[in-house]
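Chains, contacts and geometry: an overview
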Amino acid sequence: QKYGYFHCKDCKTRWESAYVWCISGTNKVYFKQLCRKCQKGFNPYRVEAIQCQICSKTRCSCPQKKRHIDLKRPHRQELCGRCKGKRLSCDNTYSFKYII
């Protein structure tokens, strides 16, 4: 699982996601995500490891994070190529909340 940055070239929408699934040890993306406006599938234009931007650890106790990831924000299952149409969504199976 990695953190990805997306850009829809048609409607200029940009988004970020902590639910980008890559082949182990690479940045090759398994599943596209759909633009919420156009419903077209996109791979992220950039991916990076999910880690603290201050101490560079996947598990940390830094009091303040540089990047805010709201763990209470629901995963958009209807826009996710991995879990769209499935019974369990990515955030119920394996997700960022288990890494930190």
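Above this text you will find the structure in question.
Now for a look at the structure at hand. As the structure is a computational prediction, the values presented were derived from the model and not from experiment.

Of the regular secondary structure elements, the protein holds 1 helix and 5 strands. Of the regular secondary structure in the protein, the N- to C-terminal order runs β-β-β-β-β-α. A buried classification covers 35% of the 100 residues belonging to the protein. Across the protein, every contact between residues at least 6 apart in sequence was considered, and the portion connecting residues at least 24 apart equals 48%. When the accessible surface of the protein is totalled, it reaches about 7000 Å², and 48% of it is carbon and sulfur.

Here we take up the sheet that holds strand S2 (residues 14-20). Taken in spatial order, the 3 strands make up an open sheet running S2-S1-S5, and their pairing is antiparallel. Edge strands, defined here as strands with exactly one partner in the open sheet, are S2 and strand S5 (46-49). Taken pair by pair, the neighbouring strands of this sheet meet at an average axis angle of 20°, ignoring direction.

Moving on to the pairing of strand S1 (residues 2-7). Counting buried residues along S1, 5 of its 6 residues qualify, which places the element largely inside the surrounding structure. Bridge count between S1 and S2: 5 bridges; the pairing is antiparallel. Counterpart to His 7 in the pairing with S2 is Arg 14. If you look at the hairpin formed by S1 and S2, you'll find 6 residues sitting between the two strands, and Lys 12 has a positive phi there, around 65°. Across 4 bridges, the pairing between S1 and S5 is antiparallel. Residue Gly 4 lies in a different strand from S5, and its bridge partner there is Val 47.

Attention shifts here to the nonpolar core. Soluble globular proteins tend to bury their nonpolar side chains together. One finds Phe 6, Cys 8, Trp 15, Val 20, Cys 22, Val 29, Cys 35, Phe 42 and Val 47 forming the largest nonpolar core, which totals 9 residues. Trp 15 has contacts with Gly 4, Tyr 5, Phe 6, Cys 8, Gln 33, Leu 34, Cys 35 and Phe 42, leaving out every residue within four places of it along the chain. Formed by 5 residues, the second largest nonpolar core is a distinct cluster that contains Tyr 19, Trp 21, Cys 80 and Cys 90.

Now for the pattern of salt bridges. Applying the stated rule across the entire model yields 2 salt bridges. In this structure, Asp 10 engages Lys 40 in a salt bridge whose closest nitrogen and oxygen atoms are separated by 2.5 Å. Linking Asp 10 in the loop between S1 and S2 with Lys 40 in the loop between strand S3 (33-34) and strand S4 (41-42), this pair joins segments that are 30 residues apart in sequence. For Lys 40, a relative accessible area of 42% corresponds to the partly exposed category. Across the pair Glu 48 and Arg 46 runs a salt bridge whose closest N-O atoms are separated by 3.3 Å. A relative accessible area of 18% places Glu 48 in the buried class. On the basis of relative accessibility, which here comes to 41%, the residue Arg 46 falls in the partly exposed class.

Rules behind the numbers
- Residues numbered from 1 in each chain as written.
- Predicted model: local features only at pLDDT ≥ 70, side-chain atom pairs only at ≥ 80, totals over all residues.
- Heavy atoms only, no water.
- Helix = DSSP H or I, 4+ residues; strand = E, 2+ residues; numbered from the N terminus.
- Buried < 20%, exposed > 50% of the residue type's maximum accessible area, 1.4 Å probe, protein only.
- Contact = heavy atoms within 4.5 Å.
- Areas by Shrake-Rupley, 256 points an atom, 1.4 Å probe, with all protein chains shown as cover.
- Pairing = 2+ DSSP bridges.
- Axes fitted to C-alpha atoms, helices over the stretch in contact; angles between N-to-C directions.
- Core = buried A, V, L, I, M, F, W, Y, C linked by side-chain atoms within 4.5 Å.
- Salt bridge = Lys/Arg side-chain N within 4 Å of Asp/Glu carboxyl O.

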